[in-house]
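# Report on the structure
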Amino acid sequence: MSASRSFVSTRLHALVFMCLVGALIGCLKKAPITETPPEAIAEVRYRYDAPTDQWNKRLVSEVVSGRWDRGLQRAVEGVLAASIRPGTRISPSAARTLTAEAGYPGYAAFAQERNGGAWPDELVSQALIRKGQAPEVDVAIGQRRNADGTTLWVLAAAPKWGEIDPIERDLTLDEPLPLRVDVPDVQSLAVYIAPPNGPVRTFSLTSGRLRWFDYFHLPGDHRIEVVDTSAGRAEVLFLFSVFVDVTPETLSGLPTALPQADPLTATERLYQAVNILRTDAGLPALKRFGLFEPLAREHAAWMAQQGVVAHRLSGAPGVAQRAADQFRPRARHTENVAAAYTAEEALQVVWDSPGHRKNLLCEQCSHISVGVALEPVLDRPPRLFVVWELLEFPLGEPRALPEYAR
């Protein structure tokens, strides 16, 4: 009898358990099922959309061929967040950090203005000027009202040369990278890949065709540059970073006080800094070549006078041509030019560009001449304009011709 009760009790418990399970399943069927969205993949890509705020709507309407990019807007918001004190400035390294973190693939320039809240016409005019360099220009603008009643505006603009397939911004160690760009009317493209340390690698790329690059064997920030090399040009079309087995650094603040710009001191620091970078890359240091220093200094002065960074200017044929006219035998020149508020920032500008970094790490070069000039302005802090001449002497060191030797 007790065995029968035990059997009945067990069956009853089983039936109750099954009913409870059935009721629970019925509740789950009726309740909405919410799935956790997959984590968004950090990518290098253009992110075009219709702007939602009034400022970017106005910007796009005023900049002919201007398009608003959400990645570029994210970089602008990063500048605003890092501008925690009055007088902050957007350094080249800060611009690189913000665009790399945002995954924007273009070569963007940033500008800022502080006013009483009016629309910053001067900043927008800068975007209009840059617009003429390409069929389209990517733009983004943001503003922040400060406690002192002023408004800080930040604008970013970048010429748009072509399309690029989305690329994962974060790679695992030894993971290959697929790269395909589509640039109309361009016959010859070069890809420069700059690892965290070591020499820059150069590859050819055909517009519209996919190529895999399997050269990411070091952890860190790998800087990639796609350059139009057709018809003797050297136009940067895409510039971005991929992070191998690391996360991009966070920008906590922007620099404020400007050190005193001194061309002579900057020249000495640049000679030292270039050789430190070369020795860190396993290359021999370069010897200082004083004969070409006046030519490099004069070209830097031409750039500073016109406010333009270029290898050749109106009235200034360039260092290589001047040297060929004044010295024999001829040297082979590898040249970088830049402008920034400090010598360190000027060097950072060229170091961030894989193509220019390759010039600094020229393996055949044995000598260097550096020229620095100060921008002649009074209404704002002056910039330093810098010329680097990395030199090869296959026929021996040049000597001044008699008419120039007096």
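Check the entry above for the structure.
The following refers to the structure shown. (Residues numbered from 1 in each chain as written. Predicted model: local features only at pLDDT ≥ 70, side-chain atom pairs only at ≥ 80, totals over all residues. Heavy atoms only, no water.)

## Re empty space enclosed by the protein
So the rule is basically this: For each structure, a 1 Å grid was placed over the protein atoms alone; sets of points admitting a 1.4 Å probe that cannot get out are labelled cavities, open sets with protein on both sides within 12 Å along at least five of seven lines are labelled pockets, and lining residues have an atom within 4 Å of a point. Grid points are joined across faces, edges and corners, and a volume is the space filled by probe spheres set on the points. Helix and strand assignments come from DSSP, with helices taken as H or I runs of at least 4 residues and strands as E runs of at least 2, each series counted from the N terminus. Here the term charged refers only to Asp, Glu, Lys and Arg, the term nonpolar to Ala, Val, Leu, Ile, Met, Phe, Trp, Tyr, Cys and Pro, and the term polar to all other amino acids, Gly among them.
Inspection of every chain in the model, using the stated rule, returns one cavity of 30 Å³ or more. In this structure, the largest cavity encloses a volume near 50 Å³. Those elements that provide at least two residues to the lining of the largest cavity are α7 (293-306) and α8 (319-326). The element that contributes the greatest number of residues to the lining of the largest cavity is α7, accounting for four residues. Considering only residue class, the lining of the largest cavity consists of five nonpolar, two polar and two charged.

## Observations regarding helix α4 (residues 92-102)
Put simply, the rule reads: Using a 1.4 Å probe on the protein chains alone, a residue whose accessible area is under 20% of its type maximum counts as buried, one over 50% counts as exposed, and one in between counts as partly exposed.
Within α4, eight of the eleven residues are buried, which leaves it mostly tucked inside the rest of the structure. Within α4, burial applies to A94, A95, R96, T97, L98, T99, A100 and A102. Backbone geometry just after α4 places G103 at a positive phi near 70°.

## As for the sheet that holds strand β20 (residues 384-392)
Let me state the cut-off plainly: Two strands pair under a simple rule: DSSP has to find at least two bridges between them. Contact criterion: two residues are considered in contact whenever any of their non-hydrogen atoms come within 4.5 Å of each other. Lines fitted to the C-alpha atoms define the axes, with helices restricted to the stretch that makes contact. Angles between their N-to-C directions range from 0 to 180 degrees.
Taken in spatial order, the four strands line up as β16-β19-β20-β18 in an open sheet, and their pairing is mixed. Looking at which strands have only one partner, the edges of the open sheet turn out to be β16 (287-288) and β18 (332-340). Here nine bridges tie β18 to β20, and the two strands are oriented antiparallel to one another. The partner of A340 across the bridge, within β20, is L384. Of the strands in this sheet, β16, β19 (367-374) and β20 are in contact with helix α6 (residues 263-280), which crosses β19 at around 145°.

## A look at the nonpolar core
Cut-off, in case you're wondering: For our purposes a nonpolar core is just a set of buried Ala, Val, Leu, Ile, Met, Phe, Trp, Tyr and Cys residues, chained together by side-chain atoms within 4.5 Å.
One finds F110, L179, V181, V191, F216, F238 and F240 to be the most contacted residues of the largest nonpolar core, which totals 45 residues. The set of elements that each furnish at least two residues to this core consists of α3 (70-82), α4, β5 (151-160), β9 (177-179), β11 (189-194), β12 (201-205), β14 (220-228) and β15 (235-244). Take this core: its biggest share by element is six residues, from α3. For F238, the residues in contact, after removing those within four places along its chain, are Y46, P105, G162, E163, I164, V181, V183, I224, E225 and V226. Residues A266, A338, A346 and V372 belong to the second largest nonpolar core, which totals 25 residues.

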